[in-house]
Structures are given as C-alpha cells and as structure tokens.
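What follows is each chain in one-letter form.
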Amino acid sequence: MGPLIPNGLIPIEWNFVIALLIGLAFGYIMEASGFSSSRKIIGVFYGYDFAVIKLFFTTAIVSAIGLYYMDYLGWVDISQLYVHPTYLWPAIVGGVFMGLGFMFGGYCPGTSLCAIGIGKIDALAFAVGIMIGVFIFSESFGLLEPFFNGSNYGHITMMDTFGISPYWIILIFTVIAVIVFYFSDFIRKRVKKVFY
Amino acid sequence: MKNKQKIKRRVYWNPYFGGFLLGLLIILTFYITGRGLGASGAMKSTVVTVVDAVAPAHAENNAYYSKFIKEGESPMNTWLVFEAIGVLFGGFLSGAMANRLKPIVEHSPKITSKKRLIYALTGGVLFGLGAQLARGCTSGAGLSGMAVLSTGGFLTVAMIFGTGYLISYFFRKNWI
C-alpha cells in the first residue's frame, strides 16, 4: 500500500531519480499549458485568459478525488500523506505578499523555473528576486519568528474546519469549480482580447 | 494568413487537459513519496547553500538557515532541488518541441524591458518573502495542500488570488 517510499516499497536510493522525473513532467505540463508566459498567466486577473484558474482548479479536483478514491480502494493510506500545516496568520499574510509578488512579477516560483527553461529573461529576474526575498526573510528571522510560529493549528484539513466528511468537501469544491469555469468563459467573451 | 495565425495561437494545451495531467502527476507524487510537489523549496536551498559557503558561522547561528543545514551533507541534496532541475528541463523540452525557445524579456508594449525586469525582480522578492511566511508557494502550499484538503493550502491560495484581484486595477498598465 502507498505511499511507496515511506513504506519501504521503493528503495530510498531512487528518491532523487524520481524527483528529477516528476519535476520533468511538472515542467513539461506547465510549459505546454502556456505557463511559461507571464502575460498568459496574468490574464486571469484581467479576464482575457482564464487558463490559470481552469488548470489550477482541475488539478486540485483531480488530485483530491484520485487520492481519496485510492484511499477508499486501499491503495494508499491517506493518513500517511503529508498535510500542509495551517499557521493561520502566516498563511494569510504570506498569501497577501505572494499576491502582490504575482501582480508585480507575473510568475510564481514554479512557473518562473519553467519559463527560464525556454529563455525568458524576466523569469530569471523573478527567480533572483525570490532568492533575495528568502535571504531577507532569513536574515530577519529573529524578528519574524514569534509571528512565523504563532497561530499554529497543526496539520488540519477542511474536514476539521467544517466538520463534514471529505466526500462532501470534494463535492462542494467541484460544484464551485464548475460554476467558476462557466462564469470565466462568460466573462472572457465580454472582455477585450489581449494579444501577447 | 488568418489561418496561419490561428494555428500559431492554438499551440498551447487545453487548460483542462493540462490540469487533468497535472492532477494525475500529483497523485503519483503522493503515491510514491507521501508528499506533494514544490518549487520555492529549491530556491530556499540555494540561498542556504550560498550563505553557508560564504559565511558558515553566520548560517549556523541563524535559527532559520540552521534548520536546513546538516553535518557533512550539502543543503542542495534535497528532493525539491532535484525536482526543480527537472522542472527546468521539462520546460525546456516542451518549449523545444513547440518551437518556443527564445531568450526574450516578455512585456506589455506599454512598458520598457527595463521596467519589466525591475518589476519582475520586485515581484520575486515579495513572492519569496510570502512563500517563506506561508511555508510554501502556489505549488507546495497551494496544489499539494489542496490535493489533501489542507485548510492552510486553501486559505493561502484564496489570499494569493484575492490579493491579485484586489490590486490588479493598479497594475493594468504593466500587463494589458
């Protein structure tokens, strides 16, 4: 039963080869979907291209349905999977900073890497910026530490937050996504085209 | 002519197809490793490696860097760094096959390349800060968090896009 490496079903030596191959597929899918272009990505905020929302929500739904279905079938033990922890205020403030960075730069870390792969110089500037940001954060960690480690809710999920089963969460999320998909096309048809 | 332009504009995948494949990839990643994907982690490792090489004592004494430094092992020796190298090559491969390899600064005709680069660098700094605070970026916190229905993952994604929509009006000249 999965996950394979934590349960010793694949030797740990394969870890880095697998990482490289998974990264390769990740970069390929992003580039082929147009995420190596900041002006395509940013279209989501101006209504001329909703590829980001469509890809992002589809990915989230497919992966959540798939993982819970595999858990149901007994192929993977979902309780062994790593759940991103919730530190309430750092998650909110961090998200605001990332939103700002998104509007300034037009990339996120992953898309900037795949854009560097095809030669985008602005993506390289963005990636250098990320490293400067990490450096500033680390150097001021003494100041930020109480905030960074505060409001810790642990590895909570939407089931803990709303007190309903994962199947309901996934169903509600899927319905919301389909409505968003419908309205995104509705908006796109009414917004002036932008060529990039 | 019009037809040719149409062909050129159809080169990207349908986003639902891309999303479906990426969803399968995330399932596979969790199935094999028990964790999700990430992107900012590799950049953090790079910074830790450089600081550790330039000023080892300083890195040891810093409570953040020292989390990622292990005796006798390079901080670059992590899963996420290898994954990020894969992303670079994956992007390159797809770009090469679709004839998109070209060293350019992509920007709106309304701004100069220089302005675009300054804004991109600034955006990176802000994104880097935010990704550390939120313990992950759109990949690590967002995609991987949402796959296992993490509350923090959904929250961070809502904040990223919410902030973007709130302030997009003030940035319109840079993009459209």
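Along each chain, residue indices are assigned from 1 in the same order as the chain's sequence is written. Starting at A for chains and at 1 for ligands, labels are handed out in the order in which the entities are written. Selection of residues for local features in this predicted model requires a pLDDT of at least 70, selection of side-chain atom pairs for listing and counting requires 80 or more, and totals for whole chains, interfaces and linings are taken over all residues. Heavy atoms throughout the structure, all of them, feed into the side-chain values; hydrogens and water do not.

This paragraph deals with empty space enclosed by the protein. In this analysis the probe radius is 1.4 Å and the grid spacing 1 Å, with only protein atoms considered; a cavity is a set of points the probe fits into but cannot get out of, a pocket is an open set with protein on both sides within 12 Å along at least five of seven lines, and lining residues have an atom within 4 Å of a point. Grid points are joined across faces, edges and corners, and a volume is the space filled by probe spheres set on the points. A complete count under the given rule lists one cavity of 30 Å³ or more for this structure. Taken as a whole, the largest cavity holds about 150 Å³ of empty space. The wall of the largest cavity is formed by 15 residues, among which A:F35, A:F56, A:C108, A:T111 and B:T138 lie closest to the centre. The secondary structure listing takes helices from DSSP runs of H or I that are at least 4 residues long and strands from runs of E that are at least 2 residues long, numbered from the N terminus. Among the elements of the structure, α1 (15–32) and α4 (51–73) of chain A together with α7 (138–147) of chain B are those that each provide at least two residues to the lining of the largest cavity.

Note on helix geometry: an α-helix contains 3.6 residues per turn, so any two residues three or four positions apart are oriented the same way. Residues and elements named next belong to chain A. Compared with an ideal rise of 1.5 Å per residue, which puts 23 residues at 33 Å, α4 spans 32 Å between its outermost C-alpha atoms and is within 8% of the ideal. Most of α4 is tucked away, with 18 of its 23 residues classed as buried. Immediately downstream of α4, the backbone of G74 shows phi near 80 degrees, a positive value. By definition here, a helix of n residues has an expected span of 1.5 Å times n minus one. Burial classes: relative accessible area under 20% of the type maximum marks a residue as buried, over 50% as exposed, and values in between as partly exposed (1.4 Å probe, protein chains only).

What follows covers the interface of chain A and chain B. Pairs of residues are marked as contacts when any of their non-hydrogen atoms sit within 4.5 Å. Contacts between the two partners involve 125 residues from chain A, matched on the other side by 117 residues from chain B. Joining two parts hides part of their accessible area as seen by a 1.4 Å probe, and the buried area is that hidden amount summed over both. In total, chain A and chain B occlude about 11000 Å² of area from one another, counting both sides; carbon and sulfur atoms represent 76% of this. If you sort the residues of chain A by the area they bury against chain B, A:H84, A:M98 and A:F104 come out on top, with a joint share of 8%. Here, a salt bridge means any Lys or Arg side-chain nitrogen found within 4 Å of an Asp or Glu carboxyl oxygen. Notably, a salt bridge pairs B:E106 with A:K120, separated by 3.6 Å at the nearest N-O pair. Contacts described as polar in this section are N or O atom pairs within 3.5 Å, which, within protein, must combine one atom able to donate a hydrogen with one able to accept it, while residues neighboring in sequence count only if both atoms come from side chains. At the boundary of chain A with chain B, the tally comes to 43 residue pairs in polar contact (both at pLDDT 80 or more).

Residue and element names in this part refer to chain A. Note that the domain bounds reflect an automated or database-derived domain assignment. Split into domains, chain A comes out as domain 1 (1–83 + 162–196) and domain 2 (85–156). For domain 1 versus domain 2, the separation of C-alpha centres amounts to 20 Å. Taken together, the contacts link 13 residues of domain 1 with 15 residues of domain 2. Carbon and sulfur atoms make up 72% of the surface buried where domain 1 meets domain 2, a total of about 1200 Å² over both sides. On the domain 1 side of the interface with domain 2, the three residues burying the most area are S36, S38 and V83, jointly 38% of the side's total. One can count zero salt bridges joining domain 1 with domain 2. Linking domain 1 to domain 2 there are two residue pairs in polar contact (both at pLDDT 80 or more). Secondary structure elements with two or more residues in the side of domain 1 that touches domain 2: α1, α2 (38–41) and α3 (43–46). With three residues, the single largest contributor to the side of domain 1 that touches domain 2 is α1.

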